[in-house]
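Structure assessment
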Amino acid sequence: MVDLASPILGSFQDNLNDAFGDDLGWILGHSLITLAIVMTWAAWTNRKHIQTQSGWSRSTLREMAILAMITLLQTVIYVNNFTFPIVESLGLAIAATLILRWFVNVLN
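Sequence positions are assigned chain by chain, starting from 1 and proceeding in written order. In keeping with the predicted nature of the model, local features appear solely for residues at pLDDT of at least 70, side-chain atom pairs appear and are counted solely at 80 or more, and the whole-chain, interface and lining totals rest on all residues. Only heavy atoms go into the side-chain values, all of them from the structure, while hydrogens and water stay out.

**Regarding the overall build of the chain**
- Looking only at helices and strands, the chain has six helices and zero strands in total.
- For the purposes of this entry, the term helix denotes a DSSP run of H or I that reaches at least four residues, the term strand denotes a run of E that reaches at least two, and both are numbered from the N terminus. When its helices and strands are written in sequence order, the chain yields α-α-α-α-α-α.
- For a compact globule the rule gives 2.2 Å times the number of residues to the power 0.38, and the radius of gyration it is set against comes from C-alpha atoms. By the compact-globule yardstick of 13 Å for 108 residues, the chain is too spread out, its C-alpha radius of gyration being 18 Å.
- In terms of principal-axis extent, the alpha carbons of the chain reach across some 55 × 40 × 20 Å.
- Whether two residues are in contact is decided by their heavy atoms, any of which lying within 4.5 Å being enough. The long-range share in the chain, meaning contacts at least 24 apart out of those at least 6 apart in sequence, stands at 30%.
- In short, Shrake-Rupley with a 1.4 Å probe defines the accessible areas, and a residue's cover is counted only from the protein chains shown. Summed over all atoms, the accessible surface of the chain reaches about 8300 Å², with 70% contributed by carbon and sulfur.
- Charge-centre separation for the chain: the mean point of 5 positive side chains lies 33 Å from the mean point of 7 negative side chains. Charged residues are defined narrowly, with Lys and Arg counted positive, Asp and Glu counted negative, and His plus the chain ends left uncounted. For this purpose, a charge sits on NZ of Lys, CZ of Arg, CG of Asp or CD of Glu.

And the structure:
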């Protein structure tokens, strides 16, 4: 069987294999990847409906995407350059991004 989940999920796939065995771990790992692809595709194909019916404007969705990218960039920098643990890096990045957003909103 081809194992596409291990390169994508990394150590989480190893945890699935340890917890459920190799066969069921393989199925669960690939099911998670398939589910993520299907949900991304569904959100992409229904993006106009989401924009018009969610109550969020295009600028709100754009701001959310920018904040997510800034948070992800900070997390990568904290983990790779400063060798912080991933959970603490994510918490620090979220806090820093929200503070940055608050500064921009107050100064505008």
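The discussion continues.
**What about unusual backbone geometry?**
- At Thr83, a residue that is not glycine, the phi angle is positive and equals roughly 50 degrees.
- Buried residues are those whose accessible area, probed at 1.4 Å on protein chains only, stays under 20% of the maximum for their type, while exposed residues exceed 50% and partly exposed ones sit between those limits. Note on Thr83: relative accessible area 62%, which makes it exposed.

**Digging into a negative patch on the surface**
- Candidates for patches are residues over 30% relative accessible area with no salt bridge; among them, like charges are joined within 9 Å and nonpolar side chains (Val, Leu, Ile, Met, Phe, Trp, Tyr) within 5 Å. When a carboxyl oxygen of Asp or Glu lies within 4 Å of a side-chain nitrogen of Lys or Arg, that pair is called a salt bridge. On the surface, Asp3, Asp14, Asp18, Asp22 and Asp23 cluster together into a negatively charged patch.
- In this fold, Asp22 is placed in helix H3 (residues 22-45).

**Side note on a nonpolar patch on the surface**
- A grouping of Leu73, Ile77, Phe82, Phe84 and Leu92 is seen on the molecular surface, where their side chains present a nonpolar patch of about 450 Å² in accessible area.
- Assignment of secondary structure puts Leu73 in helix H5 (residues 58-80).
- Owing to a relative accessible area of 54%, Leu73 belongs among the exposed residues under this scheme.

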